[in-house]
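Here are the chains, one letter per residue:
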Amino acid sequence: MSRSTRIERYRNIGIMAHIDAGKTTLTERVLFFTGRIHATGEVHDGTTELDWLPQEKKRGITITSAATTAFWTPTHGRAAGTPHRVNILDTPGHVDFTIEVERSLRVLDGAVAVFDASQGVEPQSEAVWRQADRYGVPRIAFLNKMDKVGADFDMSVTSIEERLGARPVAVQLPLGEGPEFRGLVDLVRMRAVLFEGEEGRYLDDQPVPPEAREQAELYRQRLIEAAADVDAGVLEKFVEGRLDEVTAEDLERALRAGTLSRTLVPVLCGSAFKKKGVQMLLDAIVNYLPAPSDLPSVEGCVPGKEERVSRPASDAGPPAALAFKLMNDKAVGSIVFLRVYSGTLRAGTVLLNPVTGKRERVGRLMFMHANRREEVAEVYAGDICAALGLKGVRTGDTLSDPEAPVVLESLGVMEPVVQLAVEARSPAELTKLEEGLHRLAAEDPSLRVGVDPESGQVLLSGMGELHLEVVVDRLLTEYGVEARVGQPKVAYRDTLRRKVRQEYRHVRQTGGPGQYAHVVLDVGPAPRGAGLVFVDDTRGGSIPKELVPAIQKGVAGAMDRGVRDGIPLVDVEVRLVDGGTHVKDSTPQAFSMAGSLALQEAVKRAGLLALEPVMEVEVTTPEEYLGDVLGDLAARRGRVQGMEARGPARVVSARVPMASLFGYVTGLRGRTQGRAQASMRLGAYEPVPEALQSLPAEARA
Ligand SMILES: Nc1nc2c(ncn2[C@@H]2O[C@H](COP(=O)(O)OP(=O)(O)OP(=O)(O)O)[C@@H](O)[C@H]2O)c(=O)[nH]1
């Protein structure tokens, strides 16, 4: 067997956008035009094909990212006439689901950034854009909703430049804006496309209408200038003033190179809703975004070694795939979405999960199309597929050849800021709860599950109120758990106020073998975000090196359990300065215990400093509500960091403690008739104000 589509003809792309920019509608249209679904569902009916979970239907927002395979044969450009395989990863727009965005960005090769052309760049699109920057994802921009009253192409292009610091290059120009939107000028070919009706029909290759010529010339000039910056051939013609000789092939070559190197962002426009401009966008996806083989080989570590290895995007090498998403399906059980980076994966083969050390047999392999699943025997480098039968795989794990193990870089660590307690109503329900949580946590690495040491209740921690709300909703509906659910609370942390020297001697003599460990630790605060900094400063072998890791383990365990109300202790520096051993009773267990108890003693003298998550909040509001928004932020201990005008709206950025943000987004919408919007993400953990420090956690808000 061999692959049906060459890897150069793959495009693994994501569609990223601010909530409501039209990502779901656009994805639907893309699937419609790629011939995979025949009737497009409207989002508000709750019938879209990509939104899978009942919660998503209920909320009308996209929470999980599904991978869908489609095919497109471009009409124009270097790839004209050649079928391409386009795998689409849907990404959510809500900041509480950052992990979903990150996991898609991790596995996709290029993205379409969708903007509402009447709004330009909105706060949340900025957040997603920065994430894509971090992952080095090449992008093209689609200005959607060109049919909407107030749609403004120029303003939107400028906002990409000003707010995102990117270099947008218009490759199209709209003919008419808002209700007048009737076609496009293709600036690469200097030909017009005229839309006919709202079913996606159009007249291609038309002369540029006289009234649009002047503006089209101006934009084409800018396009050539941008192309000259990245392509020597275009530069030569440009400096010699031979602009007429710049061909469509020249521009396309330059645009592709500029997109891949992330120096330019080609900008297209259209209306997903009215099915306008979608086919041209598909052409641009194929012509400008990279194939897996255009990108550097993926890198990973050899487990247990320092060594880094790369895995080229070829079918021949040892297989390596990343599990980027888990889903639970009533009919088939757990579905693991895989991005194959290298090699060929066959159904029935056994692979190693080097993260857990377990071997996993790949059951069935499938491609997910919009409306059906296609079972296959093999998948190849560059594929995005779904696998059944993988039992112990969690999101972010690698599957690799047991003979050539590799751990691909996983998803970034997400810090939870909110937690809530869940209590099963009966022992039978507890089993269901545990089972449900086990699955949900395997799916979602940003969800943490723990136990409150005092009450014994299950504690869930997550990225925000909405995140936990969705988790709880899924527990209750999907897993049918009957449970009492507490109010969401802030996930506090503790650190130390000052440095102290702590000596601790752990001695047990109880008949059998004794325990003896003696440690002297300097314990104090470490820089924010450092976690545990552990340094062995002993001289002259007072503690044998092989016992040092046990001390560190004891300290780390005590920090995780916390010393006050089960709140974890963070950012602590521990220097092991001295200690001693006993001839036969100095075991690692004894030293681990000494480390743990020494830390607990040290904390009593060093004093605790409570830390709280402080969020970066961005509020976009009409001018008339500005005073109200500012007053309200001040009442919530918010510190305004900046304010700017975006068209008629005002954008306020502020740092606000999570403790006073519960219900904020809903309240804001209510008070402003839905006209003001807010987005938030974790800024940093900062000390709780002194006046609140000594209060128990529940009383601080
Ligand atoms: N006028 C106009 N409205 C559109 C267009 N595309 C989408 N919409 C509407 O905008 C709203 C949001 O569209 P969605 O596709 O749900 O947006 P989304 O970005 O996927 O939103 P989430 O899934 O919630 O993140 C819906 O009411 C759509 O009907 C468009 O091209 N023109």
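This structure is a prediction, so every number in the text was calculated from the model and none was measured.

So, how was this worked out
- Residues numbered from 1 in each chain as written.
- Predicted model: local features only at pLDDT ≥ 70, side-chain atom pairs only at ≥ 80, totals over all residues.
- Heavy atoms only, no water.
- Helix = DSSP H or I, 4+ residues; strand = E, 2+ residues; numbered from the N terminus.
- Rg over C-alpha atoms; globule rule 2.2 N^0.38 Å.
- Contact = heavy atoms within 4.5 Å.
- Areas by Shrake-Rupley, 256 points an atom, 1.4 Å probe, with all protein chains shown as cover.
- Lys, Arg positive; Asp, Glu negative; His and termini not counted.
- Charge placed at Lys NZ, Arg CZ, Asp CG, Glu CD.
- Phe/Tyr/Trp six-rings, centres within 6.5 Å; stacked < 30°, edge-to-face > 60°.
- Buried < 20%, exposed > 50% of the residue type's maximum accessible area, 1.4 Å probe, protein only.
- Lys NZ or Arg CZ within 6 Å of the ring centre and 35° of its normal.
- Pairing = 2+ DSSP bridges.
- Domains from an automatic or database assignment.
- Salt bridge = Lys/Arg side-chain N within 4 Å of Asp/Glu carboxyl O.
- Polar contact = N/O pair within 3.5 Å; in protein donor to acceptor, adjacent residues only side chain to side chain.
- Axes fitted to C-alpha atoms, helices over the stretch in contact; angles between N-to-C directions.
- Parallel < 35°, antiparallel > 145°, perpendicular 65-115°, else oblique.
- Left-handed = near helix turned anticlockwise from the far one by under 90°.
- Nonpolar A, V, L, I, M, F, W, Y, C, P; charged D, E, K, R; others polar.
- Expected span 1.5 Å × (residues − 1).
- Arc of directions from axis to C-beta.

Chemist: How would you sum up the overall build of the chain? Please name residues and give values.
Modeler: Secondary structure summary: the chain contains 16 helices and 38 strands in total. For a compact globule of 701 residues, the expected C-alpha radius of gyration is about 27 Å, and the chain comes in at 28 Å, within 12% of that figure. Long-range contacts, defined as pairs at least 24 residues apart, comprise 72% of the intrachain contacts of the chain with a sequence gap of at least 6. A total accessible area of about 29,000 Å² is found for the chain, and carbon and sulfur atoms account for 50% of it. The distance from the centre of the 86 positive side-chain charges to the centre of the 97 negative ones in the chain is 4 Å.

Chemist: Any details on the packing of aromatic side chains? Residues and values, ideally.
Modeler: The relation between two aromatic rings is expressed through the spacing of the ring centres and the mutual angle of the planes. In the structure shown here, the tally under the stated rule is 5 aromatic pairs. With a centroid separation of 5.0 Å and 80° between ring planes, the pair formed by F32 and F33 is classed as edge-to-face. Both rings, one in F115 and one in W129, keep their centres 6.3 Å apart while their planes meet at 45°; by these two values the pair is tilted. Of this pair, F115 sits in strand β4 (residues 110-116) while W129 sits in helix α4 (residues 123-134), and the two are 14 residues apart along the sequence. Residue class for F115 comes out buried when judged on its relative accessible area of 2%. On the basis of relative accessibility, which here comes to 3%, the residue W129 falls in the buried class. The residue whose ring lies beneath R139 is W129, and the NZ or CZ to ring-centre distance is 4.3 Å. Sitting over the ring of Y685, R493 keeps its end group 4.0 Å from the ring centre.

Chemist: So, the pairing of strand β9 (residues 191-196): which residues are in play, and what are the values?
Modeler: Relative to β9, strand β8 (residues 183-186) runs antiparallel, the two sharing 4 bridges. Paired with V185 across the two strands is A192, which belongs to β9. The antiparallel pairing of β9 with strand β10 (residues 201-206) creates a hairpin that spans 4 residues between the two strands, and G197 there sits at a positive phi of about 75°.

Chemist: Would you mind going over the domain arrangement of the chain in detail, with residue names and values included?
Modeler: Interface size is often expressed as the accessible area that is lost when the parts come together. Each domain of the chain was delimited in the assignment, giving domain 1 (7-294), domain 2 (298-408), domain 3 (420-488), domain 4 (495-606) and domain 5 (611-699). Between domain 2 and domain 4, the C-alpha centre-to-centre distance is 40 Å.

Chemist: Could you give me a rundown of the pattern of salt bridges, with the residues and numbers involved?
Modeler: Applying the stated rule across the entire model yields 47 salt bridges. Across the pair D109 and R339 runs a salt bridge whose closest N-O atoms are separated by 2.9 Å. Of this pair, D109 sits in the loop between α3 (98-107) and β4 while R339 is found in strand β15 (residues 333-342), placing the two residues 230 residues apart along the sequence. The burial state of D109 is the same as that of R339; both residues are buried. When the shortest N-O distance is used, the salt bridge between E252 and R189 registers 3.4 Å.

Chemist: Before we move on, can you summarise the environment of R311 with the specific residues and values?
Modeler: Position of R311 relative to the elements: it lies in strand β13 (residues 308-311). Overall, R311 belongs to the buried group, its relative accessible area being 11%. R311 sits 31 residues away from S342 along the chain, and the two C-alpha atoms are 5.9 Å apart. In contact with R311, other than residues within four places in its own chain, are S297, V298, P318, A320, Y341, S342, A404, P405 and V406. A polar contact of 3.0 Å, which involves the side chain of R311, links it to the backbone oxygen of A404.

Chemist: Describe in detail the packing of helix α12 (residues 548-561) against helix α13 (residues 588-606), supporting the description with residues and values.
Modeler: Remark: α12 packs on α13, axes separated minimally by 7 Å, with the N-to-C direction vectors making an angle of 45°. In this view, α12 runs oblique relative to α13, as classed from their interaxial angle. Both α12 and α13 take part in a crossing whose hand is right-handed. Contacts from A550, I551, K553, G554, V555, A558, M559 and R561 in α12 reach P588, F591, S592, G595, S596, L599 and Q600 in α13. Here the residues of the contact of α12 with α13 sort into 8 nonpolar, 5 polar and 2 charged.

Chemist: Describe in detail the sheet that holds β10, supporting the description with residues and values.
Modeler: Spatially, 4 strands are ordered β7-β8-β9-β10 in an open sheet, and the strand pairing comes out antiparallel. Edge positions in the sheet fall to β7 (172-175) and β10, since each has one partner strand and no second. When strand polarity is set aside, the average angle formed by the axes of neighbouring strands in this sheet is 20°. Pairing of β9 with β10 involves 4 bridges; the strand directions are antiparallel. Across the sheet, residue F195 finds its bridge partner in β10, namely Y202.

Chemist: Go over the pairing of strand β35 (residues 608-622) with me, naming the residues and quoting the values.
Modeler: When you tally the buried positions in β35, you get 14 out of 15 residues, the bulk of the element. Where strand β30 (residues 493-496) meets β35, 4 bridges bridge the pair, whose relative direction is antiparallel. Following the sheet pairing, R493 is matched in β35 by L611. Sheet topology note: the β35/strand β38 (residues 677-687) ladder contains 10 bridges and is antiparallel. Note that in β38 the partner of E618 across the bridge is S679. Where β35 meets strand β37 (residues 649-657), 9 bridges bridge the pair, whose relative direction is antiparallel. Among the inter-strand pairings, E616 is bridged to a residue of β37, identified as R655.

Chemist: Break down unusual backbone geometry for me, citing the residues and quoting the values.
Modeler: Even without a glycine there, the phi angle at K145 is positive, about 60°. Relative to the elements of secondary structure, K145 occurs in the loop between β5 (139-144) and α5 (153-164). Taking the relative accessible area as the measure of exposure, K145 reaches 21% and is therefore partly exposed. Phi at D571 takes a positive value of approximately 50°, unusual for a residue other than glycine. Considering the arrangement of structural elements, one finds D571 in the loop between α12 and β34 (572-580).

Chemist: So, the sheet that holds β34: which residues are in play, and what are the values?
Modeler: Judged by pairing direction, the sheet is mixed, and its 4 strands sit side by side in the order β31-β32-β34-β33 without closing on themselves. The sheet is open, and its two edges are formed by β31 (500-508) and β33 (532-536), each paired on a single side. Looking at each pair of strands side by side, their axes are set apart by 25° on average, direction ignored. Note that β31 and strand β32 (residues 515-525) share 9 bridges and pair antiparallel. Across the sheet, residue Q502 finds its bridge partner in β32, namely L521. Lying on the sheet, α12 is in contact with β32, β33 and β34; it crosses β33 at an angle near 155°.

Chemist: Would you mind going over α5 in detail, with residue names and values included?
Modeler: Over its 12 residues, α5 extends 16 Å from the first C-alpha to the last, a length consistent with the 16 Å expected when each residue adds 1.5 Å. By the burial criterion, the buried members of α5 are F153, S156, V157, S159, I160, R163 and L164. When α5 is viewed along its axis, its buried side chains cluster within an angular range of 155° and face the same direction. Looking one or two residues beyond α5, the residue adopting positive phi is G165, at roughly 65°.

Chemist: Requested: an account of the packing of helix α8 (residues 248-260) against helix α9 (residues 278-288), with residues and values cited.
Modeler: At a minimum axis separation of 9 Å, α8 and α9 run at an interaxial angle of 75°. Put simply, α8 runs roughly perpendicular to α9. In this structure, α8 uses E252, L255, R256, T259 and L260 to contact α9, whose residues at the interface are V286, N287 and Y288. Here the residues of the contact of α8 with α9 are counted per class, giving 4 nonpolar, 2 polar and 2 charged.

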